[in-house]
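# Breakdown of the fold
So you can see what is in the structure, the chains are spelled out below.
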Amino acid sequence: KTAKASGDRYAFYAPRMTESSAGTLTLENQLRQALEKEQFVLHFQPKMNLASGGLTGAEALIRWNDPATGLVPPGRFIPILEETGLIHEVGRWALHKAIAEYLHWRAARRAAVRVSVNVSPRQLRDRGFVRDIRNAIDVDPHAAAGLELEITESLIMEDVKNSIASLQAIREMGVTIAIDDFGTGFSSLSYLSKLPVDTLKIDRSFVVDMTTGPQGLSLVSTIITLAHSLKLCVVAEGVETAMQSRLLHDLRCDEIQGYLYGKPVPSAEFEARYLLP
Ligand code: C2E
Ligand code: MG
Ligand code: MG
Ligand code: MG
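Here the structure is a predicted model, which means the values were calculated and not measured.

## Topic: the overall build of the chain
Of the regular secondary structure elements, the chain holds 13 helices and 10 strands. In the chain, of all internal contacts separated by at least 6 residues, the share reaching a separation of at least 24 is 67%. Accessible area for the chain stands at about 14,400 Å²; split by element, carbon and sulfur atoms hold 54% of it.

Rendered as structure tokens:
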């Protein structure tokens with residue numbers, strides 16, 4: 001009976017597994033081609049200072065412009081880039097591209113609008129990562145001061161000792177570090193105070209919960225107080241409503257990012273909308 005049951009299970013799963021591994025292979029090849037054909041694009045989402053209402057910077061968010069299907073969101077291909085190791089090359093591309101845009105904005109506007117680039121687990125773990133950052137900022141003396149790296153909390157916690165060493169080396173170059181999706185990674189408070197970081201980004205899920213009950217609001221309030229006591233700048237992610245923005249302002253959150261202020265847009269649109277006026 002047991003043998004038959006597992007036989008059935010095998011028969012049920014086998015075709016699916018074949019299909020999905022073939023599917024993954026095709027996607028992998030498509031992504032390799034995407035890199036060669038320069039089909040990756042960065043969109044930029046603005047961040048706003050809550051006290052002044054001014055633009056402070058933009059987060060670079062990658063998309064794949066697939067000629068067959070159109071823009072593909074990162075959640076659909078970053079995991080495959082990670083598995084295949086292509087993330088190193090794509091990550092370096094994103095870094096160079098984001099810095100080039102920053103330098104262009106800087107020349108056009110002469111203002112302190114910085115750019116943030118997301119870093120994925122395999123990149124941070126790579127021995128060459130610090131060197132990649134060094135190479136990327138070496139293009140211009142102003143590049144380091146304009147760059148921020150966003151690293152998820154869970155990623156730092158995976159390998160605290162090595163992460164701290166890499167982040168410290170990068171910060172010494174003048175690049176700042178933000179903890180992304182804060183609150184989802186369960187890091188202990190004792191670690192948080194030891195991490196060489198500048199900014200804490202409160203995950204969107206906490207921003208959503210802020211208006212759905214009293215606990216949600218006090219949780220965000222606590223995170224902001226904690227961050228400020230550690231001298232960190234606080235950014236709230238995924239702010240969609242004026243109500244959320246007002247509450248965050250009252251809680252002395254430093255910056256907001258979200259559809260309320262602006263969705264991620266192509267660089268030309270970002271420039272026209274936020275830098276030229
Ligand atoms: P993330 O870094 O936490 O980026 C925020 C995500 O929330 C983005 O999704 C953004 O479009 C979305 N978002 C922003 N404001 C709002 C809002 O008000 N409401 C809602 N519902 N969503 C909002 P996106 O662009 O799909 O990126 C997803 C994730 O992919 C990012 O999460 C980041 O972890 C990763 N990612 C994006 N670009 C890169 C990249 O160049 N390299 C790496 N390694 N990861 C990237
Ligand atoms: Mg991010
Ligand atoms: Mg985030
Ligand atoms: Mg997030």
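## Considering the coordination of the magnesium ion (ligand 3)
Looking at the metal site, the magnesium ion (ligand 3) is ligated by Asp180 (OD), Asp181 (OD) and Glu237 (OE), spaced 1.7 to 2.6 Å from it. For Asp180, a relative accessible area of 6% translates into the label buried.

## A closer look at the site of ligand 1
Around ligand 1, a shell composed of 22 residues is seen, among which Arg63, Asn118, Asp180, Glu240 and Tyr259 lie nearest. Separating an oxygen atom of ligand 1 from a side-chain N or O atom of Asp181 is a distance of 3.1 Å. Within the side chain of Glu240, an N or O atom sits 2.5 Å from a nitrogen atom of ligand 1. For ligand 1, the protein covers 79% of the area, taking 800 Å² as the surface of the free molecule.

## Considerations on the side chain of Thr56
Within the fold, Thr56 resides in strand β2 (residues 55-66). Setting aside chain neighbours within four positions, we find Thr56 in contact with Lys47, Met48, Asn49, Ala112, Val113, Arg114 and Glu255.

Rules behind the numbers
Residues numbered from 1 in each chain as written. Chains lettered and ligands numbered in written order. Predicted model: local features only at pLDDT ≥ 70, side-chain atom pairs only at ≥ 80, totals over all residues. Heavy atoms only, no water. Helix = DSSP H or I, 4+ residues; strand = E, 2+ residues; numbered from the N terminus. Contact = heavy atoms within 4.5 Å. Areas by Shrake-Rupley, 256 points an atom, 1.4 Å probe, with all protein chains shown as cover. Donors = N, O, S within 2.8 Å, 3.2 Å for Na, K, Ca; no water. Buried < 20%, exposed > 50% of the residue type's maximum accessible area, 1.4 Å probe, protein only. Near = heavy atom within 4 Å. Polar contact = N/O pair within 3.5 Å; in protein donor to acceptor, adjacent residues only side chain to side chain.

Shape descriptors only; they carry no functional weight alone.
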